[in-house]
Each structure stands twice: as C-alpha cells, then as structure tokens.
Amino acid sequence: MNDKFCLVNGRVVDPARNLDEVMPVAVNRGVIVDAAKIDDSYRRIDCTGKIVCPGFIDLHVHLRQPGNVAAETIASGTAAAAAGGFTAVVAMPNTSPAADNAGAIEYLRQMAARTGMVRVIPCGCLTKNYAGEEMAGIGSLAQAGVLALSDDGKCIQDHSLMRHVMQYARSFHLPVLDHCEENSLKGGGVMHEGTWSVLLGMSGIPSIAEELIVARDIMLARDTGCRIHIQHASTAGSVNLIRAARKKNLPVTGEATPHHLTLTDEMVKTYDTNYKMNPPLRSEEDRKALVKAVLDGTITVIATDHAPHTQTAKLVEFDNAPFGIIGLETAVPLTLGVLVHKGRMPISKYVSCFTAGPAQILSLDWDLAPGREANVTVLDLEDEFTIDASKFKSKARNTPFDHWKCKGRAVLTVSQGRIVHSLLD
Ligand code: DOR
Ligand code: ZN
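Here the structure is a predicted model, which is why all the values come from computation and not from measurement.

A. Representation of the side chain of Asn-278. Looking at where Asn-278 falls in the secondary structure, it is placed in the loop between helix 9 (258–262) and helix 10 (284–295). In this structure Asn-278 comes out as buried when scored by relative accessible area, which is 10%. At 2.9 Å, the side chain of Asn-278 and the side chain of Glu-181 are in polar contact. With residues near it in sequence (within four places) discarded, Asn-278 still touches His-179, Glu-181, Lys-186, Ile-205, His-232, Asp-305 and Phe-323.

B. Highlighting the nonpolar core. Ranked by internal contacts, the top residues of the largest apolar core, which has 78 residues, are Phe-56, Val-294, Leu-339, Ile-347, Tyr-350 and Leu-379. Apart from the residues within four sequence positions on either side, Val-294 is in contact with Ala-256, Leu-261, Ile-299, Ile-302, Leu-339, Met-345 and Cys-353. Within the second largest apolar cluster, 20 residues are counted, among which are Leu-200, Leu-281, Ala-389 and Phe-392.

C. Molecular detail of the site of ligand 1. Ligand 1 sits among 14 residues. The nearest are Arg-64, Asn-94, His-179, Asn-278 and Gly-324. Asp-305 is positioned with one of its side-chain polar atoms (N or O) 3.5 Å from a nitrogen atom of ligand 1. Of the residues in the shell around ligand 1, the class split is 3 nonpolar, 8 polar and 3 charged.

D. Local environment of empty space enclosed by the protein. The tally for this structure, following the rule as stated, stands at 3 cavities of 30 Å³ or more. Its volume calculated, the largest cavity comes out at about 80 Å³. Along its surface, the largest cavity is lined by 14 residues, and Cys-180, Glu-181, Glu-210, Asn-278 and Pro-279 are the ones closest to its centre. The element that contributes the greatest number of residues to the lining of the largest cavity is helix 7 (residues 207–224), accounting for 3 residues.

E. A look at the coordination of the zinc ion (ligand 2). Coordination of the zinc ion (ligand 2) by the protein is provided by Asp-152 (OD), His-179 (ND1) and His-232 (NE2), with metal-donor distances spanning 1.9 to 2.2 Å. Here the zinc ion (ligand 2) binds 4 donor atoms, and the angle range of 85 to 124° at the metal identifies the geometry as irregular. Mapping the donors of the zinc ion (ligand 2) onto the primary sequence yields the spacing D-x26-H-x52-H. Remark: His-232 occurs in the loop between strand 15 (228–230) and helix 8 (236–247) and His-179 occurs in the loop between strand 12 (176–178) and helix 5 (183–186); sequence separation between them is 53 residues. The class of His-179 is buried, set by a relative accessible area of 3%.

F. Representation of the sheet that holds strand 8 (residues 56–61) within the structure. The strand order across the open sheet formed by 8 strands is 8-9-10-11-12-15-16-17, and the pairing between neighbours is parallel. Whereas interior strands pair on both sides, the edge strands pair on one side only; in this sheet they are strand 8 and strand 17 (301–302). Taken together, the 3 bridges between strand 15 and strand 16 (residues 252–256) define a ladder with parallel strand orientation. Across the sheet, His-229 pairs through a bridge with Thr-253, a residue of strand 16. On the sheet, helix 8 packs against strand 15 and strand 16 and is oriented at approximately 145° with respect to strand 16.

Criteria and thresholds
Residues numbered from 1 in each chain as written. Chains lettered and ligands numbered in written order. Predicted model: local features only at pLDDT ≥ 70, side-chain atom pairs only at ≥ 80, totals over all residues. Heavy atoms only, no water. Helix = DSSP H or I, 4+ residues; strand = E, 2+ residues; numbered from the N terminus. Buried < 20%, exposed > 50% of the residue type's maximum accessible area, 1.4 Å probe, protein only. Polar contact = N/O pair within 3.5 Å; in protein donor to acceptor, adjacent residues only side chain to side chain. Contact = heavy atoms within 4.5 Å. Core = buried A, V, L, I, M, F, W, Y, C linked by side-chain atoms within 4.5 Å. Near = heavy atom within 4 Å. Nonpolar A, V, L, I, M, F, W, Y, C, P; charged D, E, K, R; others polar. 1 Å grid on protein atoms, 1.4 Å probe; cavity = no way out; pocket = protein on both sides within 12 Å on 5 of 7 lines; lining within 4 Å. Points joined across faces, edges and corners; volume = space filled by probe spheres on them. Donors = N, O, S within 2.8 Å, 3.2 Å for Na, K, Ca; no water. Tetrahedral: all angles 85-135°; square planar, octahedral: opposite > 155°, others 65-115°. Pairing = 2+ DSSP bridges. Axes fitted to C-alpha atoms, helices over the stretch in contact; angles between N-to-C directions.

Any functional reading would require information beyond the geometric quantities listed.
Quick look at the structure:
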C-alpha cells in the first residue's frame, strides 16, 4: 500500500538539478521511478500548492543513545526528525560512550536499522574518548562508514593535533565538522559577552572565543587541504572569515542554526534555561549578519544542533543548566519565517540549505532523479499554526519556541521510500 505512490501536482524544487516546475514524483519500493511510466496501481497523493523537494538532511543532531536515553533515543529523535520534515540526520558522536571507534558506529547502524524512522548518518569522533588529546582511529571509522568527523560539544585546543587530524581526515576524503571554541577565552561563560551579560551580571563568552578557532581552522584547511565545516557559526566575525575563505576557494563551509537566526542574547533576561546553548545567542548585529550570510550563500547549510536534555537537567539556575535546545520539530517553520517570508529568499536557495548544501559536505548524491533512493520532503508554505511542544515526538521539551505562531511547515516526509510523516489526507 505504502510502497508505490506518486506525488502529483506539486511544484518540484530540486536545487541539485536546477529544477523548479510542476511535475509528478513517483516512488516504487524505496526508489524514485520515472513518473511518465507508472500505471494505475500507484496511489496518487495530491500536492497541489505544495513544494516537493529532495529529503531534508540535518547535519547536526544529538540522538543521545547510548548514554542518555532519558533525554532522547534513536527511535524518538528520528521520529522527531520525520515530524519536522527531515529524512536523514547526522548523529553527533558525543554519546556515552563516545562514537570514537568502529564498534560504536556498528551499534549506531544496527539500532538505527531496528528503531530509526529516518536514515541515521554516522559521524565519528576526531579524538579518542572524545577527550581532545589523541587522534581517534580515523581509518577504521572511515571503514565503518562514517561520512564525517567531529568532536562537537568540544573543540581540539592543540593546534598540532588538529592539524594531524585534518591531514588524516583528508586522506580518507572525510570532512571535519568543527565546534569552534577557544577554552581559555570561553572560561566559565554561560551567555554571550555583551551589554546583556553586563546588565544581568552573568559571565560572558566573547565572540573572539569562536572567531579565533574559525580563523585557525581556515588556515589549517589551507595548509592541509582538508575540508572544514564550521558548525553553528554565531558571530558576524565568523561569517566574515568564512566569506573571505570561500572567496579564495578554500575548502570551507559553514552552518547556521534556526535559533541563532531568530533569537538574540536579550532573551536571557527571562532567565529561562531554554535560551542557554553553546555557542550562545549573540547580538542583533550578529543575528542579522548570519541571516545575510545565508541569503548571500556564504553559509550553505542550516542545521539544528538538536540537543535534547531532560526537564530535570534544565530546571535549575541558569549558571548550572546544560547548554542546548531541541530543534528538529521547529527548524522548518522558524527558518521559513525568517528567510523566506521575511528575507524573501528564493525557495530553491532555501531548499538547498537543507539538501544540496549538507549533501555536498557528506559527498552524497541527493536529488529526485529516477533511480535514487526515495527521500522526499513536501512543504506547505502557507500553513499557519502554533507550535505545541506537548505534541513533540522528541522525548525532550527544551525549546524556547513553544507557542510561537508560524507559517509554513513540512506536511509529508518520505524516508527511504517510506512515508514517515503526513499531514496530507
Ligand atoms: O548547546 C550545545 N549542546 N552545543 C553543543 O555544542 C553541544 C550540545 C550538546 O551536546 O548538548
Ligand atoms: Zn557544538
């Protein structure tokens, strides 16, 4: 029933193929097939007025399994992904134990096959034990099938080690995804260092803590030839560094999160720990610079940094709360609002930030051409609704966006040929 269907009357936006036209997209047993050749046995799903895109990929997701299944599991995290319109997620390796070896990647693969709603793309640690001291076995991680490497949540401080890691990553054609943060400058900071941290009397994380490492990583990308991807860029200075590097054709990409595109450090005045994340919410000038960078193509990826935490963990004083918020079920509506409805971003460029952008970093062929695995996301740009966190598929509720009024969301998600989310009748 579910394995043969055709999405009809939708506007197909497929950035990797430069395609934008009303046409059918047919799926048979997990594969896109030529819609001109299908018979009546295919179920027709009407997508009139909707945007039919290659499946959205989230390049930055914490699934917390193994280690903290009270906050999230592979099952609940991928269910949240499906509900948010994502057909694939890149699982960050800062689990417990950390995914720093082939066995851990095999565990992830098996659990994802058994319990996952969408594709889980493995990412391995840069360092053993996620400790930032010794290089992980990058060769065996590559053999185990990781498509990227990252010590997200932490940052390698030793430049010689980082260089070594990048030299190895390059020889295995793997990109390094870096959480850019210089520890001595971050200190014990809990929010952005600026007017609001002074007014609130909280210790600040200065922009330079991020920018210093972004600059280092760009220089090491030039030195080693390794592809570097700047995770959750949050400052105007980081954006300028990425822009200049890309102008020089260095192998540098960057991502922005929905929360850094929509919120600022002013919100910390509520003392709500759902405004605490790392990197922190920055100033309005930083937020504007990030929006501009997505609009002008300096930043080619939007990724959530979905970081589930239990209510108990977050229901403490701001200083003591863990960093991070969930994002899978709010990313599309929030970014449609700030980029497409407000920023007038052409829809094909928007779709690219969730498809061709991340796919390029992962070296995946990712479009709706016949023969491809069927991963499809359908958007309704006009659907008006209010975010209701109590209905989330995620186990976690640590979002500052509950009750936000939004316009536009994913109404159908097809992952590996299966319809895993549908608001269509
Ligand atoms: O806010 C964050 N939370 N930033 C990170 O880099 C890591 C993440 C987490 O794992 O909770
Ligand atoms: Zn991070």
